[in-house]
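Next come the chains, spelled out residue by residue.
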Amino acid sequence: MAIPTGTSFLSSLGGTAGISRARRMKNLLWWSACVLALALVVAPVVWILVSITAKAMANWQWTIFTQNSTGIGGGLLNTIVGTMVLTFGTGILAGFVGVGSGIFLAEFAPKNRFSAIMRGACETLSGIPSIVFGYCGYLALVVGLHWGYSLAPALIVLSLLVVPYIAKSTEIALQQVPVAYREGAEALGFTMPRTLRKIVLRPALPGILTGMILALAISVGETAPLLFTAGFSNSIPTGALVHEPIGYLTYATYTFYDEPVPAAQHLAADASFLLVVIVLGLILLTRLIVRLTQRYSPTRRDRQTRAMRRAAAAVASGTVAAGAGTATPGA
Amino acid sequence: MSDRLGEPSNTPLSSTDNVMSARDVSLGFGATTVMQDITVNFPRGSINALVGPSGSGKTTFLRSMNRLNDKVPGFWLRGEVCLDGHDLNGSDVDPLILRRKVGMVFQRPNPFPMSIMDNVVAGVRAHKMAKRSELRDIAETRLAEVGLWSHISDRLDDSPFRLSGGQQQLLCLARALAVEPEVLLLDEPTSSLDPRSTEAVEELVRRLTPELTVIIVTHNLDQARRLSDNTIFFYEGQLMETGPTPQLFDAPQRLETQRYLGGAVTVNGDN
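Fair warning: this is a prediction, and the values are worked out from it, not measured in the lab.

What about the overall build of chain A?
Looking only at helices and strands, chain A features eleven helices and zero strands. Mapped in sequence order, the helices and strands of chain A form the string α-α-α-α-α-α-α-α-α-α-α. Long-range contacts, defined here as pairs at least 24 residues apart, represent 74% of the contacts in chain A between residues at least 6 apart. Here chain A displays about 18300 Å² of accessible surface, and carbon together with sulfur accounts for 71% of that area.

Some details on the pattern of salt bridges
Where charged atoms of side chains with opposite charge meet at close range, the side chains can pair. Across all of its chains, the model carries 22 salt bridges over all chains by this definition. Linking Glu171 of chain A and Arg119 of chain A is a salt bridge whose minimum nitrogen-to-oxygen distance equals 2.7 Å. Of the two residues, Glu171 of chain A is situated in helix H5 (residues 151-175) and Arg119 of chain A in helix H3 (residues 113-127); the sequence distance between them amounts to 52 residues. Looking at Arg119 of chain A, the relative accessible area reads 26%, which means it is partly exposed. Salt-bridge contacts for Asp17 of chain B lead to Arg44 of chain B; the nearest nitrogen and oxygen are separated by 2.5 Å. Taken together, the positions of Asp17 of chain B in the segment before strand E1 (18-29) and Arg44 of chain B in the loop between strand E2 (32-43) and strand E3 (47-51) put the pair 27 residues apart, joining distant regions of the chain. Judged by its relative accessible area of 44%, Asp17 of chain B is partly exposed. The structure contains a network of salt bridges with shared partners spanning Arg119, Glu123, Lys168 and Glu171 of chain A.

Concerning the nonpolar core
Leu143, Val146, Leu173, Leu184 and Leu186 of chain B are the most contacted members of the largest nonpolar core, which totals 47 residues. With seven residues, helix H6 (residues 165-177) of chain B is the largest single contributor of residues to this core. Once residues within four sequence positions are removed from consideration, Leu184 of chain B is found in contact with Gly103, Met104, Leu173, Ala176, Leu177, Leu208, Leu212, Thr213, Val214 and Ile215 of chain B. One finds Leu155, Leu158, Leu196 and Ile199 of chain A within the second-largest nonpolar core, a separate group that totals 41 residues.

Quick look at the interface of chain B and chain A
Each side of the interface is counted separately: chain B has 29 residues, and chain A has 25 residues. Between chain B and chain A, the buried area comes to about 2400 Å², and carbon and sulfur atoms account for 58% of it. Three residues, Phe112, Pro113 and Arg162 of chain B, lead the burial of chain B against chain A; their summed loss comes to 27% of the area buried on that side. Seen at the junction of chain B and chain A, the total is two salt bridges. Here Arg99 of chain B and Glu186 of chain A are joined by a salt bridge, their closest N and O atoms 3.7 Å apart. At the level of secondary structure, the elements contributing two or more residues to the side of chain B that touches chain A comprise helix H2 (95-101), strand E6 (102-105), helix H3 (116-126) and H6 of chain B. Ranked by residue count, the leading element in the side of chain B that touches chain A is H3 of chain B, at four residues. Per-class residue counts for the side of chain B that touches chain A are 14 nonpolar, six polar and nine charged.

Some remarks on the confidence of the model for chain B
All names here are of chain B. Overall, the predicted model of chain B reaches an average pLDDT of 87, with 91% of residues at or above 70. Here residues 1-15 scores under 50 on pLDDT; set against residues more than four positions off or in separate chains, the count is 25 contacts. Listed scores for the predicted complex are pTM 0.74 and ipTM 0.82.

Focus: the sheet that holds strand E10 (residues 238-244) of chain B
All names here are of chain B. Strand order in the open sheet formed by six strands is E6-E7-E8-E3-E9-E10, and the pairing between neighbours is mixed. Of all the strands in the sheet, the pair left with one neighbour each is E6 and E10. The average undirected angle you get between the axes of adjacent strands in this sheet is 15 degrees. Pairing analysis gives four bridges linking E6 to strand E7 (residues 183-187), with the strands arranged parallel. Note that in E7 the partner of Val105 across the bridge is Leu186.

Side note on unusual backbone geometry
All names here are of chain B. Following Thr209, the chain continues into Pro210 via a peptide bond in cis, with omega recorded as 5 degrees. With respect to the helices and strands, Pro210 occurs in the loop between helix H7 (195-208) and strand E8 (213-217). In the Ramachandran plot, Asp37 falls in the positive-phi region, its phi being about 50 degrees despite a non-glycine side chain. Position of Asp37 relative to the elements: it lies in strand E2. In the Ramachandran plot, Lys128 falls in the positive-phi region, its phi being about 50 degrees despite a non-glycine side chain. Mapping Lys128 onto the fold places it in the loop between H3 and helix H4 (135-145).

Notes on the pairing of E7 of chain B
Looking down a regular strand, the side chains alternate between one sheet face and the other. Residues and elements named next belong to chain B. With five of five residues buried, E7 is to be regarded as a mostly interior element. Examined bridge by bridge, E7 and E8 share five bridges and lie parallel to one another. Bridge pairing in E8 links Leu186 to Ile216.

Overview of the sheet that holds E2 of chain B
All names here are of chain B. What the four strands build is an open sheet, ordered E2-E1-E4-E5; its pairing is antiparallel. Sheet topology places E2 and strand E5 (86-87) at the edges, where each strand pairs with a single neighbour. Sheet topology note: the E1/strand E4 (residues 75-83) ladder contains eight bridges and is antiparallel. Each bridged residue has a counterpart across the sheet, and for Arg23 the counterpart in E4 is Glu80.

Here's the deal with H7 of chain B
Residue and element names in this part refer to chain B. The terminal C-alpha atoms of H7 lie 20 Å apart, and with 14 residues this matches the ideal 20 Å at 1.5 Å per residue to within 8%. Those residues of H7 that sit buried are Ser197, Thr198, Val201, Glu202, Leu204, Val205 and Leu208. Each buried residue of H7 sits inside an arc of 160 degrees when the element is viewed along its axis, so together they form one side. Exposed residues on H7 whose side chains face more than 90 degrees from its buried face are Pro195, Arg196 and Glu199. Where H7 begins, the side chain of Asp194 points an oxygen toward the backbone nitrogen of Arg196, at a separation of 3.1 Å.

As for a nonpolar patch on the surface
Residue and element names in this part refer to chain A. On the surface, Leu38, Val41, Val42, Val45, Val46, Leu49, Val50, Leu280 and Ile283 cluster together into a nonpolar patch covering about 750 Å² of accessible area. Every element with two or more residues in the nonpolar patch is listed here: helix H1 (21-58) and helix H10 (262-293). Among the elements that take part in the nonpolar patch, H1 stands out by supplying seven residues, more than any other. Structurally, Val45 can be placed in helix H1.

Some thoughts on the packing of aromatic side chains
As enumerated under the stated definition, the model contains 17 aromatic pairs over all chains in all. Over the aromatic face of Phe190 of chain A sits the side chain of Arg194 of chain A, whose NZ or CZ is 5.5 Å from the ring centroid.

What counts, and at which threshold
Residues numbered from 1 in each chain as written. Chains lettered and ligands numbered in written order. Predicted model: local features only at pLDDT ≥ 70, side-chain atom pairs only at ≥ 80, totals over all residues. Heavy atoms only, no water. Helix = DSSP H or I, 4+ residues; strand = E, 2+ residues; numbered from the N terminus. Contact = heavy atoms within 4.5 Å. Areas by Shrake-Rupley, 256 points an atom, 1.4 Å probe, with all protein chains shown as cover. Salt bridge = Lys/Arg side-chain N within 4 Å of Asp/Glu carboxyl O. Buried < 20%, exposed > 50% of the residue type's maximum accessible area, 1.4 Å probe, protein only. Core = buried A, V, L, I, M, F, W, Y, C linked by side-chain atoms within 4.5 Å. Buried area = accessible area lost by both parts, 1.4 Å probe. Nonpolar A, V, L, I, M, F, W, Y, C, P; charged D, E, K, R; others polar. pLDDT = per-residue confidence, 0-100. Pairing = 2+ DSSP bridges. Axes fitted to C-alpha atoms, helices over the stretch in contact; angles between N-to-C directions. Expected span 1.5 Å × (residues − 1). Arc of directions from axis to C-beta. Polar contact = N/O pair within 3.5 Å; in protein donor to acceptor, adjacent residues only side chain to side chain. Patch = residues over 30% accessible without salt bridge, like charges linked within 9 Å, V, L, I, M, F, W, Y side chains within 5 Å. Phe/Tyr/Trp six-rings, centres within 6.5 Å; stacked < 30°, edge-to-face > 60°. Lys NZ or Arg CZ within 6 Å of the ring centre and 35° of its normal.

Put into structure tokens, the structure is as follows:
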């Protein structure tokens, strides 16, 4: 199309109207759709946070941190400690197994039928409903091995439940580490374990940690498998692995909400609130670890100039996330 | 095969000291043969340019000189690649020690995700070549050697990804040099760099010889011409012609070499 002579170049691109009305409408429509979608995601989060907080704060008593539950009131100390013990234990047990199998699948597994079966098994495991895990754990461990409702069967069942997430996110995180890192290390005469330890694991860490935190968040929030394996107890866990039932926060929410006693109902709200706080805490923890470990990664912040970053840091003094925290997680 | 070698070949040089050599080397992946019957010598202290069209197997050949192809599925190699007269692929060779003696720098800068200082001494640490207290001095020496020290002496603890592409490549060279290799393999080391950085790398390579032997794959014929002592021309998996660079460029013997060095896209002249 020839540009008409005599008129300016710009005017030939759209007359005086600029962007056409139809296109403006289309833009507006799509923008509205995007904003709506965002609202549909954000609104429930806000609503849950606000309503849970309001409900808990209405009858907040600090004694929930100092007293054990009694069934019709008291505090939540035993359930808080129980959830901590279960989460921590699952983190260790599932962490070792999950990260280990993820590393194996990504780095060492031969590309053959065996690894394919292992991957398939891992994916199947993640698809099994948690209540089935609970039931199987009950049959095999609580009854079968005569362990009774206790910590060990609960840890094993929770770990089985979350290992696939950790393994998968570890595998993906390792696969996403640039081949150039490995080749560089290999060309320099690094041994395979050293390459893994010094070069590959660090950039994969955010992905691995994301998987770990997701797993821990799931295990904090699980109820069904615990009902079958941990039972419930109104006293603080002594650390015994077997023959001692253990309390946990989700049980408080699940059971106390329809007790006929207001004190118990308040505890259900408090327990929900604490569960949300713990999960948020876990997410913040990952962000922190990611930021501390990704100092040397080629992340977004490296595209900014040093001066810009310094200025931003001076102005915001820590309130602006410095970029590493936004590193794309592997999962 | 020796009859594949053009007349100005480097056979006379074989009587001198060859740090690396390939004898009747064929290599490939699975059923595919990438290179056939390559015999070539790399005299100690020289700069050798491997040139040829894309897909002629230069890089695969280069990578087999420090056994980087070992883990590539289906890779095979027949014949002998020797370092100081020892077959690299012999059962008595530890590939980790080999790679310390034969370093490599890649097409794209690939600093490790660790501080600049840790990058330089990564290999030194891996091979336990120095005490902890000596590492900083080593880093300084090597960075000065590649001409980076004056620019980044106050940024040793920074991320290497904040350096420019050219500086990153010089850092990778410093890292490779820190383990004191005998031979340095360069796989198109300047193809992703701007002209000034390219000049810096070339100038460094010149300075490093004759203490070091350099084998460089390049698509830049001007670079091969101004930088190398010997040029080896590969075409379709064969070694077409090799010889001292001025000779090869000024009086190529084979038609394919004449066409390629003359800038023809299709060497055969079929179309």
